[in-house]
Amino acid sequence: TATKAPRHLLTIDNLTSDELTKLVDRALVHKKYFKEGNVPESIATSLRGKTVPMLFSKRSTRTRVSTEGAVTYLGGHPMFLGKDDIQLGVNESLYDTSKVISSMTSCMVARVGPHSDIQGLAKGSSVPVINALCEMFHPLQAITDILTIREHFAELKGLKLAWVGDANNVLHDLAIACAKSGINVAAATPKDYPIDIDIVEMIRRAGDETGAVFEVTNDPLVAVKDAHILVTDTWISMGQEAETQLKLKQFAGYQITNDMAAKGGANPDWKFMHCLPRHKEEVDDEVFYSDRSLVFPEAENRLYAAIAVLEAFVVNGGKIE
Ligand code: CP
Ligand code: NVA
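Residues numbered from 1 in each chain as written. Chains lettered and ligands numbered in written order. Predicted model: local features only at pLDDT ≥ 70, side-chain atom pairs only at ≥ 80, totals over all residues. Heavy atoms only, no water.

Focus: the domain arrangement of the protein chain
Here is the rule we go by: An automatic or database domain assignment is the source of the domain bounds shown. Any two residues having at least one pair of non-hydrogen atoms within 4.5 Å are treated as being in contact. Buried area is calculated as the accessible area (1.4 Å probe) missing from two parts once they are joined, with the contributions of both summed. Here, a salt bridge means any side-chain nitrogen of Lys or Arg that lies within 4 Å of a carboxyl oxygen of Asp or Glu. Between N or O atoms, a polar contact is any pair within 3.5 Å; within protein, one atom must be a potential hydrogen donor and the other a potential acceptor, and residues adjacent in sequence are included only when both atoms are from side chains. By the criteria applied, helices consist of DSSP H or I runs no shorter than four residues and strands consist of E runs no shorter than two, each listed in order from the N terminus.
By domain assignment, the protein chain separates into domain 1 (12-137 + 302-315) and domain 2 (141-299). One C-alpha centre belongs to domain 1, the other to domain 2, and the line joining them spans 25 Å. Domain 1 puts 27 residues into the contact, and the matching count from domain 2 is 27 residues. Where domain 1 abuts domain 2, roughly 2400 Å² becomes buried across the two surfaces, and 61% of that area is made up of carbon and sulfur atoms. For the pair domain 1 and domain 2, the number of links is 3 salt bridges. Across the pair Lys180 and Asp13 runs a salt bridge, and its minimum N-O distance is 3.7 Å. In this assembly, domain 1 and domain 2 are joined by 10 residue pairs in polar contact (both at pLDDT 80 or more). Mapped onto the side of domain 1 that touches domain 2, the elements with two or more residues apiece are helix H1 (17-36) and helix H13 (295-315). Counting residues per element, the side of domain 1 that touches domain 2 draws most heavily on H1, which supplies 9 residues.

Structure below.
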């Protein structure tokens, strides 16, 4: 018998604007249940008897803890498989690995290098594949960030978010998520680190429905002008360690500080966000540990976003309502 192809979450672009909003709505509901210690029984048992393998070929603090916590919350069993545990693309093709693992489990949460690896897993899988970060996208982080923004701003439409940093996975999905949420984004990246043109087009298309604008520049001061939220990430993503010295030089002037925000004319009430892990070169301590900084609530929100995603894609078979 033919089985229906599973729905995967490889990038925020796999969600409609309405679905993204609904996922965040659900995440907020789960946050309340979790905080009150009062999770309805039907939810707490919804993954009972189900295994959620987590195939991680890179380090992780937040994604691992939040995903394992989310599976536990839903009553399932998280199975962490690090890069030395299984034959992930080593000694066995991704396709074969995926076919085998998916035959015994309810979904696959995977953190990989190239985007083609997550696509390869999805191709072989009979169950939903959730991207837990690849070189191009980080959808779980972007859902979390919209959730965090919603908690701190009454209205998303008309907000401006400024990204000052690298053209990376976190920016890509965050910008798509903002576009789908009606948030304007200005991204400053150094001249030698432009955002891939296909991704720029993807972000702009994502904003068609909401009218959100996506602007690119090489000048952090231009990006932060009138911004309500300043965001950055590490300049050296996992796998780029060999480029550290070069990148530190090319990102000179990109550190987020109160002085930079004032010079660029950011909104006086601007907030700061960062997916973490953080290093001092991209944001100084004064901003990072200030009242403007949402970084710790943002990190905690990873849990509620992971719950909402597993509920939608695994428990509800990809229906988001
Ligand atoms: N923000 C994030 O994905 O953190 P980890 O790499 O620690 O999972
Ligand atoms: N851009 C970073 C994000 C880590 C959560 C990386 O890919 O390493």
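Examining the state of the cysteines
Any covalent bond linking the sulfur atoms of two cysteines counts as a disulfide. Here is the rule we go by: Note on disulfides: each one is a pair of cysteine sulfur atoms within 2.5 Å.
Summed over the entire model, instances satisfying the criterion amount to 0 disulfides. Of all cysteine sulfurs in the structure, the one in Cys134 sits closest to Cys107, which takes part in no disulfide; the separation is 17 Å. Counting only cysteine sulfurs, Cys275 is the nearest neighbor of Cys134, a cysteine outside any disulfide, at a range of 14 Å.

Notes on the packing of helix H6 (residues 139-152) against H13
What counts, and what does not: Each axis is a line fitted through C-alpha atoms, taken for helices only over the stretch in contact, and angles between the N-to-C directions span 0 to 180 degrees. In this scheme the crossing of two helices becomes right-handed for a clockwise turn of the near helix relative to the far one and left-handed for an anticlockwise turn of less than a right angle. Think of it as three bins: nonpolar holds Ala, Val, Leu, Ile, Met, Phe, Trp, Tyr, Cys and Pro, charged holds Asp, Glu, Lys and Arg, and polar takes everything else, Gly as well.
Taken N-terminus to C-terminus, the directions of H6 and H13 make an angle of 115°; their axes are 8 Å apart at the nearest point. Like other packed secondary-structure pairs, H6 and H13 cross with a definite hand, here right-handed. The segment H6 lies against H13, with Leu140, Gln141, Ile143, Thr144, Asp145, Leu147, Thr148 and Glu151 engaging Glu298, Asn301, Arg302, Tyr304, Ala305 and Val309. Looking at the contact of H6 with H13, its residues break down into 6 nonpolar, 4 polar and 4 charged.

So, the site of ligand 1
Put simply, the rule reads: A molecule or strand has a residue near it when one of that residue's heavy atoms lies within 4 Å. What sets the accessible areas is the Shrake-Rupley method with a 1.4 Å probe; for residues, cover comes only from the shown protein chains. Cavities and pockets are defined on a 1 Å grid built over the protein atoms alone: a cavity is a set of grid points where a 1.4 Å probe fits but cannot escape, while a pocket is an open set with protein on both sides within 12 Å along at least five of seven lines, and lining residues are those with an atom within 4 Å of any such point. The rule for placing a molecule in a cavity or pocket is simple: more than half of its atoms must lie within 2 Å of the grid points.
With respect to spatial proximity, the complete set of residues near ligand 1 consists of Ser60, Thr61, Arg62, Thr63, Arg111, His138, Gln141, Cys275, Leu276 and Arg302. At a separation of 2.9 Å, an oxygen atom of ligand 1 approaches a polar side-chain atom of Arg62. Between ligand 1 and the protein, one listed contact pairs an oxygen atom with a side-chain N or O atom of His138 at 2.8 Å. For ligand 1, whose free accessible area comes to 250 Å², the fraction covered by protein is 96%. Assessed atom by atom at 2 Å from the grid points, ligand 1 resides in the largest pocket. Of the residues belonging to the shell around ligand 1, the class tally is 2 nonpolar, 5 polar and 3 charged. Here the shell around ligand 1 spans two domains, and each of domain 1 (12-137 + 302-315) and domain 2 (141-299) adds at least three residues to it.

Notes on the layout of surface pockets
To be explicit about the condition: Grid points are joined across faces, edges and corners, and a volume is the space filled by probe spheres set on the points.
When its volume is computed, the largest pocket comes out at roughly 670 Å³. Contributing to the lining of the largest pocket are 37 residues, with Asn169, Asp233, Thr234, Ser237 and Met238 lying nearest its centre. Broken down by secondary-structure element, the contributors of at least two residues to the lining of the largest pocket are helix H3 (62-73) and helix H7 (169-181). Here the lining of the largest pocket gets 3 residues from one element, more than from any other, and that element is H7. Classifying every residue of the lining of the largest pocket by side-chain character gives 12 nonpolar, 13 polar and 12 charged.

Structural notes on the pairing of strand E6 (residues 184-188)
For a regular strand, side chains alternate in direction, first toward one face of the sheet and then toward the other. The criterion, for reference: Relative accessibility decides the category of a residue: with a 1.4 Å probe and only protein chains considered, values under 20% of the type maximum give buried, values over 50% give exposed, and everything between is partly exposed. Note on pairing: two strands pair once DSSP finds at least 2 bridges between them. Here the term right-handed applies to a crossover when the path leading from its first strand over the helix to its second strand runs clockwise, the strands being oriented away from the viewer.
Counting buried positions along E6 gives 4 out of 5 residues, so the element sits mostly inside the fold. Pairing of strand E5 (residues 160-164) with E6 involves 5 bridges; the strand directions are parallel. If you follow Lys160 over to E6, its bridge partner there is Asn184. Assessed by its sense of winding, the connection that carries the chain from E5 through H7 to E6 is right-handed. As paired strands, E6 and strand E7 (residues 214-217) are joined by 4 bridges and run parallel to one another. When the sheet's bridge partners are listed, Ala186 is paired in E7 with Glu215.

Looking at the packing of aromatic side chains
Stated formally: Note on aromatic pairs: the rings of Phe, Tyr and Trp (six-membered ring only in Trp) are paired at centre separations within 6.5 Å, and the planes decide the class, stacked below 30 degrees, edge-to-face beyond 60, tilted for the rest. We call a charge positioned above a ring when the Lys NZ or Arg CZ atom is no farther than 6 Å from the ring centre and deviates by at most 35 degrees from the ring normal.
Taken as a whole and assessed by the stated rule, the structure comprises 9 aromatic pairs. Measuring from centroid to centroid gives 6.5 Å for Phe272 and Phe288, while their planes differ by 65°, and the two rings are edge-to-face. With a gap of 16 residues between them, Phe272 in strand E9 (residues 271-274) and Phe288 in helix H12 (residues 285-288) connect regions that are remote in the sequence. Taken together, the aromatic side chains of Tyr193, Trp235, Phe251 and Tyr254 make up a single cluster linked through ring pairs. In this structure, Arg64 packs its charged tip against the face of Phe80, placed 3.6 Å from the ring centre. Positioned over the ring face of Phe288 is Arg278, at 4.2 Å from the centre of the ring.

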